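Working through the structure, step by step
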Amino acid sequence: PFVLRVKWVLELKGIQYQYVEDLGNKSAMLLQYNPVHKKLPALVHDGKPLAESLVILEYIDETWKQDPSLLPHDPYEKANAILRESDIAIGWLGYWVRIVEEIVGVNLINEELMAKLDAWFDNFLELPVINECMSPRDKLLNHNKAFHKLLTSSST
Ligand SMILES: N[C@@H](CCC(=O)N[C@@H](CS)C(=O)NCC(=O)O)C(=O)O
């Protein structure tokens, strides 16, 4: 999901980029460009590396000014846009948490105790524009089952 944030914005702004897939096999290139966190995404522009998806989004928006702009210039409008952006940044968690619940067999978002959060996730995930961009549930489920198996087998 973190890499997708960056790819979506590059595509939306029509910026040419080279995408180097690296998950599961951290290359020397990733370690060179993000030596501290060693995580994706890492953006390299004019030979200079940047990490952290939200920081990268802000950098892209300020470097390539063409529409669509992520944030307005007016400070008040910008503050409100950041609030809306937070929904986009955390919304995928609702999808993810339900997959984790199924794999691990625990209830993380209790429908009664966390009713408002549960309803918020439902409403967010039902929005057509959000729903249509999600990876297929089966694919994520299988990927995370394999990851869970890897984690639990190495801890015994
Ligand atoms: N806070 C970081 C999180 C990045 C992150 O967790 N990336 C995942 C891939 S989506 C990763 O590189 N995982 C490999 C690892 O944690 O070693 C961001 O927003 O860029």
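Everything in this summary refers to the structure shown in the same document. Throughout this document, residue positions are counted from 1 along each chain, in the order its sequence is written. Note on the predicted model: pLDDT of at least 70 is required for a residue's local features to be given, and 80 or more for side-chain atom pairs to be given and counted; whole-chain, interface and lining totals, by contrast, use all residues.

**A closer look at the overall build of the protein**
Numbered from the N terminus, helices here are DSSP runs of H or I no shorter than four residues, and strands are runs of E no shorter than two. For the protein, the helix and strand inventory stands at seven helices and two strands. Principal-axis analysis of the C-alpha atoms places the extent of the protein at approximately 45 × 40 × 25 Å. Counting every position in the protein, which comprises 156 residues, the buried fraction comes to 8%. The contact criterion used here is simple: two residues whose C-beta atoms, placed from the backbone, lie within 7 Å are in contact. A fraction of 46% describes how many contacts in the protein between residues 6 or more apart in sequence connect residues 24 or more apart. Labels follow a simple rule on C-beta atoms placed from the backbone: if 20 or more others lie within 10 Å of a residue's own, it is buried; if 12 or fewer, it is exposed; otherwise it is partly exposed.

**Some remarks on the pairing of strand 2 (residues 48-51)**
For two strands to count as paired, DSSP must find a minimum of two bridges between them. Relative to strand 2, strand 1 (residues 42-45) runs antiparallel, the two being bridged by four bridges. Each residue of the ladder has a partner; that of histidine 45, found in strand 2, is lysine 48. Taking the residues that link successive antiparallel strands as the turn, the strand 1-strand 2 hairpin has two residues, and the phi of aspartate 46 there is positive, at about 55°.

**Side note on the site of the ligand**
Only the C-beta atom matters for this test: placed from the backbone, it must lie within 6 Å of a molecule or strand for the residue to be near it. The full set close to the ligand counts 10 residues, and Phe2, Lys39, Leu40, Glu52 and Ser53 are the nearest of them. Secondary-structure elements contributing two or more residues to the shell around the ligand are helix 1 (2-13) and helix 3 (53-63). Looking at the shell around the ligand, its residues break down into six nonpolar, one polar and three charged. Three classes are used, and their members are as follows: Ala, Val, Leu, Ile, Met, Phe, Trp, Tyr, Cys and Pro are nonpolar, Asp, Glu, Lys and Arg are charged, and the others, Gly among them, are polar.

**Overview of the packing of helix 1 against helix 3**
The angle between two axes is taken between their N-to-C directions and runs from 0 to 180 degrees, where each axis is a line fitted to C-alpha atoms and a helix contributes only its stretch in contact. At their nearest, the axes of helix 1 and helix 3 sit 9 Å apart, and the two run at 10° to each other. The orientation of helix 1 with respect to helix 3, classified from their angle, is roughly parallel. Contacts from Phe2, Arg5, Val6, Val9, Leu10 and Lys13 of helix 1 reach helix 3 at Ser53, Ile56, Leu57 and Ile60. Roughly parallel covers angles under 35 degrees, roughly antiparallel covers those over 145, roughly perpendicular covers 65 to 115, and oblique covers all other angles.

**Considering the nonpolar core**
Counting seven residues, the largest nonpolar core is built from Val6, Leu30, Ala42, Leu43, Ile56, Leu57 and Ile60. Looking at this core, the element that brings in the most residues is helix 3, giving three residues. Under the definition applied here, buried Ala, Val, Leu, Ile, Met, Phe, Trp, Tyr and Cys residues are grouped into a nonpolar core through C-beta atoms within 7 Å.

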